[in-house]
Amino acid sequence: VCDETCVLSLYLPSEGKIFFAEKVDSSRMLRYQVPMNTPMSVLWGASGRSILAFFDKEEIDRIYTAEGRAPASGEALPARRTLEKELSTIRERGYDITYGQKVAGAVGFGAPVFGIDGKVFGSICVTVPETRIAAKDRQRVGELVRATAERLSAALGSPRHNCVKASA
């Protein structure tokens, strides 16, 4: 529907990281090469942050204290209070949007995927070159990613296939 690179990320609890387990490439000439099966941070990029938003405070704290700067921009971690506000927004919206955190010039849209136990275990993420997405289209792509993650969660038997969280 959007013809952009899409990945399924899975969470590695023992490492506090995610990895890209599956991907579908865009048919367009300019597309992203993503490192498959390589552990990476959940604190940077929509693929990880959309998972992180649905963890409890202890898990978030554990991951936060072990993290460094953004891989693409070198940006420092936000203050813990700022991060919690950002995660709250992700929970309310049901998806995250990030700009150049993992790949310079990329806009990432990520939404959580829930398992049969109702817990988040991964995400669906679409990555778009910043020059190819107008500001007016960003909400539409985010909602498309969220709806796709919700359908996958439902197909997996999750009792919690609606990822929008009423209260955090």
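Since the model is a prediction, treat every value here as computed from it, not as a measurement.

Trainee: Break down the pattern of salt bridges for me, with residues and values.
Mentor: When charged atoms on two side chains of opposite charge get close, those side chains can pair. This structure, assessed with the given rule, holds 11 salt bridges. Across the pair Glu86 and Arg49 runs a salt bridge, and its minimum N-O distance is 3.1 Å. Within this pair, whereas Glu86 is found in helix H3 (residues 80–93), its partner Arg49 is found in helix H1 (residues 46–52), the two being separated by 37 residues in sequence. A relative accessible area of 27% means that Glu86 is categorised as partly exposed. The exposure class assigned to Arg49 is buried, which follows from its relative accessible area of 7%. Residues joined in a network through salt bridges with shared partners are Lys57, Asp61, Arg80, Glu84 and Arg91.

Trainee: Please set out the environment of Pro78 residue by residue, giving values where relevant.
Mentor: Residue position: Pro78 is located in the loop between helix H2 (57–65) and H3. With sequence-adjacent residues up to four places away left out, Pro78 is seen in contact with Trp44, Tyr64, Leu83 and Glu86.

Trainee: Let's hear about the nonpolar core: which residues, and what values?
Mentor: Within the largest apolar cluster, 25 residues are counted, with the highest numbers of intra-cluster contacts made by Leu52 and Phe55. Mapped onto this core, the elements with two or more residues apiece are strand S1 (5–12), strand S2 (17–24), H1, H2, H3 and strand S6 (120–129). Ranked by size, the runner-up nonpolar core spans 14 residues in total, among them Val107, Val126, Val128 and Val141.

Trainee: Give me the lowdown on the layout of surface pockets, citing residues and values where you can.
Mentor: Looking at the largest pocket, its volume works out to about 260 Å³. Lining the largest pocket are 21 residues, with Phe20, Ser47, Lys102, Val103 and Thr127 sitting closest to its centre. Counting only elements with at least two residues in the lining of the largest pocket, the list comes to H1, strand S5 (106–114) and S6. Residue contributions to the lining of the largest pocket peak at three residues, all from S5.

Trainee: Outline the sheet that holds S1, listing residues and values.
Mentor: The strand order across the open sheet built from six strands is S3-S2-S1-S6-S5-S4, with neighbouring strands paired in antiparallel fashion. The open sheet has two free edges, formed respectively by strand S3 (40–41) and strand S4 (96–99), since each of these has just one partner strand. Bridge count between S5 and S6: nine bridges; the pairing is antiparallel. In the strand pairing of S6, Val107 is matched with Val128. Here helix H4 (residues 138–155) sits on the sheet and contacts S1, S4, S5 and S6; the angle it forms with S5, its principal contact strand, is near 25 degrees.

What counts and how
Residues numbered from 1 in each chain as written. Predicted model: local features only at pLDDT ≥ 70, side-chain atom pairs only at ≥ 80, totals over all residues. Heavy atoms only, no water. Salt bridge = Lys/Arg side-chain N within 4 Å of Asp/Glu carboxyl O. Helix = DSSP H or I, 4+ residues; strand = E, 2+ residues; numbered from the N terminus. Buried < 20%, exposed > 50% of the residue type's maximum accessible area, 1.4 Å probe, protein only. Contact = heavy atoms within 4.5 Å. Core = buried A, V, L, I, M, F, W, Y, C linked by side-chain atoms within 4.5 Å. 1 Å grid on protein atoms, 1.4 Å probe; cavity = no way out; pocket = protein on both sides within 12 Å on 5 of 7 lines; lining within 4 Å. Points joined across faces, edges and corners; volume = space filled by probe spheres on them. Pairing = 2+ DSSP bridges. Axes fitted to C-alpha atoms, helices over the stretch in contact; angles between N-to-C directions.

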